[in-house]
Amino acid sequence: MLHIRKHRVKRDVLGFRLPMLTHEEPELDVSEIIVMDPDNTFFMRMGSDAMKNYHILEGHVLVIDRTLQPVSGSIVVFFHEGGFYTREYCPEPGRLLLKADTGNIIIENSETWTCWGVVMLSLNPLLQPQHRMGRYARVCAC
């Protein structure tokens, strides 16, 4: 993902610099803050309240990095038995425990599963339903 920015043209008035142009603030691009590796960062909407005690609710947008390796305590998105799940990664000797509020998943060494990525952030929508109209209708729509 390549971001090309157009620089603002600085104007002088009669040879004097405008006071508002002497102090410049850098432009804010949220994707530069939350996306470390654009080619391997994905956004996924949480489909259930399985992680409610982790403050991840249904409809929250998860920012997932596929290059990170999970460590104990990481929140991971993984594929197991035909479905995607979001759980806390807790490796134990001889098995893997994936914790959630609605029930833990235990994966023995012989079972196959695929870690799809590590959750870096959860974007929590705060916009009230009364505001979700017009151009705001799709802002973190849940």
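For the structure, see preceding data.
Heads up: these notes are all about the structure in this document. Because the structure is predicted, anything quoted here is derived from the model rather than measured. (Residues numbered from 1 in each chain as written. Predicted model: local features only at pLDDT ≥ 70, side-chain atom pairs only at ≥ 80, totals over all residues. Heavy atoms only, no water.)

1. Some thoughts on the overall build of the protein chain
Consideration 1: A tally of helices and strands in the protein chain yields two helices and nine strands.
Consideration 2: Counting the 142 residues in the protein chain, one finds 27% classified as buried.
Consideration 3: Sequence-distant contacts in the protein chain: of pairs separated by 6 or more residues, those separated by 24 or more amount to 49%.
Consideration 4: Of the roughly 10400 Å² of accessible surface on the protein chain, a fraction of 56% belongs to carbon and sulfur atoms. (Helix = DSSP H or I, 4+ residues; strand = E, 2+ residues; numbered from the N terminus. Buried < 20%, exposed > 50% of the residue type's maximum accessible area, 1.4 Å probe, protein only. Contact = heavy atoms within 4.5 Å. Areas by Shrake-Rupley, 256 points an atom, 1.4 Å probe, with all protein chains shown as cover.)

2. Regarding the packing of aromatic side chains
Consideration 1: On inspection of all chains with the given rule, the structure shows six aromatic pairs.
Consideration 2: Judged by centre distance (6.3 Å) and plane angle (35°), the ring pair of Y89 and W113 falls under tilted. Of the two residues, Y89 is situated in strand 6 (residues 83-92) and W113 in the loop between strand 8 (105-108) and strand 9 (114-123); the sequence distance between them amounts to 24 residues.
Consideration 3: Each member of the aromatic cluster is reached from another via a ring pair, and the members are F42, F79, F84 and W116. (Phe/Tyr/Trp six-rings, centres within 6.5 Å; stacked < 30°, edge-to-face > 60°.)

3. What to know about the sheet that holds strand 6
Consideration 1: One open sheet holds the seven strands; their spatial order is 3-4-9-5-6-7-8, and the pairing between them is antiparallel. Two strands in the sheet have a free side with no partner beyond their single neighbour: strand 3 (41-45) and strand 8. Here the strands of the sheet are splayed against their neighbours by 40° on average, with no regard to which way each runs.
Consideration 2: Strand direction decides the pairing type here: strand 7 (residues 95-99) and strand 8, joined by four bridges, are antiparallel. (Pairing = 2+ DSSP bridges. Axes fitted to C-alpha atoms, helices over the stretch in contact; angles between N-to-C directions.)

4. Thoughts on a nonpolar patch on the surface
Consideration 1: A contiguous nonpolar surface patch, about 330 Å² in accessible area, is contributed by L28, V30 and I33.
Consideration 2: As for its placement among the helices and strands, V30 is situated in helix 2 (residues 30-34). (Patch = residues over 30% accessible without salt bridge, like charges linked within 9 Å, V, L, I, M, F, W, Y side chains within 5 Å. Salt bridge = Lys/Arg side-chain N within 4 Å of Asp/Glu carboxyl O.)

5. Examining the environment of T114
Consideration 1: With respect to the secondary-structure elements, T114 resides in strand 9.
Consideration 2: Excluding anything up to four places from it in sequence, T114 contacts V77, F78 and F79.

6. Re the environment of P38
Consideration 1: Note that P38 resides in the loop between helix 2 and strand 3.
Consideration 2: Its relative accessible area of 37% is what places P38 among the partly exposed residues.
Consideration 3: With 27 residues separating them in the primary sequence, P38 and D65 have C-alpha atoms 8.9 Å apart.

7. A few points about the pattern of salt bridges
Consideration 1: Within this structure, the stated rule accounts for one salt bridge.
Consideration 2: One salt bridge connects E92 with R95, and the closest N-O pair in it is separated by 2.7 Å.
Consideration 3: E92 gets classed as partly exposed once you look at its relative accessible area, which sits at 30%.

8. Considerations on the side chain of T86
Consideration 1: Mapped onto the elements, T86 comes out in strand 6.
Consideration 2: With a relative accessible area of 7%, T86 lands in the buried category.

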